[in-house]
Amino acid sequence: MKKKCLLWGGLLLISVLSAITFSACDKDTWCYLEVSVIDQKTNLPASDAHLRIHMDGTIADTGITNSNGVYTTKFAAPAILNIYARLQYIDTLNPNVPYFRQGVKSVRLKEGETVQATAVVESDIHRGDIDNWEIVVK
């Protein structure tokens, strides 16, 4: 009888430990980032805004906002990110000269969570190539 109780107790313990171990594997450890870009000039979402996301001084991701002014991405680990958003501006009098407006936002990602950040593209216009990503210091 004592052996039977020990056997059942051992099986129960193994079952509980297995359940805990396997349920931990299902935990979502990705860090999600949803960036909304707002145009300060119109106070509306900025579609087709170019994004460059930096982590520790290096580029971690790039993208373009959708028609709702949103770009979504994910990272494998928590981090502090700097988000640079640029919106190309077409001058109707001189369409061959590229201009852009920019916005910057910092955010801290958390494991298993979606962090939402809003980058506001300011009204100031800068001259330069939209693909030339040096950061303009004001």
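Nothing here was measured: the structure is a model prediction, and the numbers come from that model.

Asks: I keep staring at the environment of Gly-57 and nothing clicks. Help me out?
Replies: Position of Gly-57 among the secondary structure elements: in the loop between strand E3 (50-55) and strand E4 (58-64). Distance in space between the C-alpha atoms of Gly-57 and Asn-82 is 8.6 Å, their sequence separation being 25 residues.

Asks: I tried to follow the pattern of salt bridges on my own but got confused; where do I start?
Replies: When the charged atoms of two side chains lie near each other, side chains of opposite charge can form a pair. On inspection of all chains with the given rule, the structure shows one salt bridge. For Asp-39, the salt bridge goes to Arg-101, with nearest N and O atoms at 2.6 Å. Residue Asp-39 is located in strand E1 (residues 31-39), and its partner Arg-101 is located in strand E7 (residues 99-108); the two are separated by 62 residues in the primary sequence. Each member of the pair, Asp-39 as well as Arg-101, is classed as buried.

Asks: I tried to follow the side chain of His-54 on my own but got confused; where do I start?
Replies: Secondary-structure assignment places His-54 in strand E3. Beyond its immediate stretch of four places on either side in the chain, His-54 contacts Ile-59, Ala-60, Ile-80, Leu-81, Asn-82 and Tyr-84.

Asks: Help me out: how do you make sense of the confidence of the model for the chain in this one?
Replies: Regions with low pLDDT carry predicted coordinates that are not meant to be interpreted in detail. For the chain, per-residue confidence averages 80 on the pLDDT scale, and 72% of positions sit at 70 or higher. Contacts from residues 134-138, a stretch scored under 50 in pLDDT, to residues over four places away or in other chains number ten contacts.

Asks: What's the story with the pairing of E4 in this structure? I'm lost.
Replies: On a regular strand, one side chain projects to one face of the sheet and the next to the other, so that they alternate. Of the pairings in the sheet, the one linking E3 to E4 comprises six bridges and is antiparallel in character. Within E4, the position partnered with Arg-52 by the bridge is Thr-62. Between E3 and E4, which pair antiparallel one after the other, the connecting turn spans two residues, and Asp-56 there sits at a positive phi close to 55°.

Here is what the cut-offs are and how they apply
- Residues numbered from 1 in each chain as written.
- Predicted model: local features only at pLDDT ≥ 70, side-chain atom pairs only at ≥ 80, totals over all residues.
- Heavy atoms only, no water.
- Helix = DSSP H or I, 4+ residues; strand = E, 2+ residues; numbered from the N terminus.
- Salt bridge = Lys/Arg side-chain N within 4 Å of Asp/Glu carboxyl O.
- Buried < 20%, exposed > 50% of the residue type's maximum accessible area, 1.4 Å probe, protein only.
- Contact = heavy atoms within 4.5 Å.
- pLDDT = per-residue confidence, 0-100.
- Pairing = 2+ DSSP bridges.

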